[in-house]
Amino acid sequence: FPSHDRQASINTLSFMPLASADSSGGIIITDWYEDPNFPGERYKVNVYISSIELRVESLKVSVFKQVLRNGVWREVPVNSKISLDLEEKILTRARELKLANK
C-alpha cells in the first residue's frame, strides 16, 4: 500500500496513542484516547486502506466511543460525521504528501 496513505493516517491520528500499524495490510488501530477537555469520554479509531489508489472508496475509518458511567466504560453510538471527517482529513493529507514527493 502507498506510504502516503499510511503516513497521512498516522499523521492525522497522531494525537491518539497507536496500538498497531500493519503496513503490509493497510490497517492502523489506535488505542483509546480520552480528550482532557471531555473527561469520561474516550475514542478509538481503526483505519483500513484497501487500495493503492487515493480514493474515498479505498479508505474506511471506524470510530468507537465509550463513556464512563458508574465507573464502567460503556459503548455508545458515534456520529457518522466523525468517521467521514477523519477520512477526508486523511485523504487531504495523503494528497499533500503525494504532491510534496513529486
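In the block above lies the structure referred to throughout.
Residues numbered from 1 in each chain as written. Predicted model: local features only at pLDDT ≥ 70, side-chain atom pairs only at ≥ 80, totals over all residues. Heavy atoms only, no water.

Here we look at the overall build of the protein
Move 1: A tally of helices and strands in the protein yields two helices and five strands.
Move 2: The secondary structure elements of the protein, listed N-terminal to C-terminal, are α-β-β-β-β-β-α.
Move 3: Seen through its principal axes, the protein has C-alpha atoms that stretch 50 × 25 × 25 Å.
Move 4: Within the protein, counting contacts between residues at least 6 apart in sequence, those at least 24 apart form 42% of the total.
Move 5: Of the roughly 6300 Å² that the protein leaves accessible, carbon and sulfur atoms contribute 53%.
Move 6: Of the charged side chains in the protein, 14 are positive and 13 negative; the average position of the first set lies 1 Å away from that of the second. (Helix = DSSP H or I, 4+ residues; strand = E, 2+ residues; numbered from the N terminus. Contact = heavy atoms within 4.5 Å. Areas by Shrake-Rupley, 256 points an atom, 1.4 Å probe, with all protein chains shown as cover. Lys, Arg positive; Asp, Glu negative; His and termini not counted. Charge placed at Lys NZ, Arg CZ, Asp CG, Glu CD.)

Considerations on the pattern of salt bridges
Move 1: Within the structure shown, the criterion is met by three salt bridges.
Move 2: Taking the shortest distance from any N to any O, the salt bridge between Asp85 and Lys81 comes out at 3.1 Å. Placement of the pair is Asp85 and Lys81 together in helix α2 (residues 80-100), with a separation of four residues, close to one helical turn.
Move 3: By relative accessible area, which is 33% here, Asp85 ends up partly exposed.
Move 4: The closest approach of N and O atoms between Glu96 and Arg93, which form a salt bridge, is 3.2 Å. Separated by three residues within a single helix, Glu96 and Arg93 lie in helix α2, roughly one turn from each other.
Move 5: The exposure class of Glu96 is partly exposed, given its relative accessible area of 40%. (Salt bridge = Lys/Arg side-chain N within 4 Å of Asp/Glu carboxyl O. Buried < 20%, exposed > 50% of the residue type's maximum accessible area, 1.4 Å probe, protein only.)

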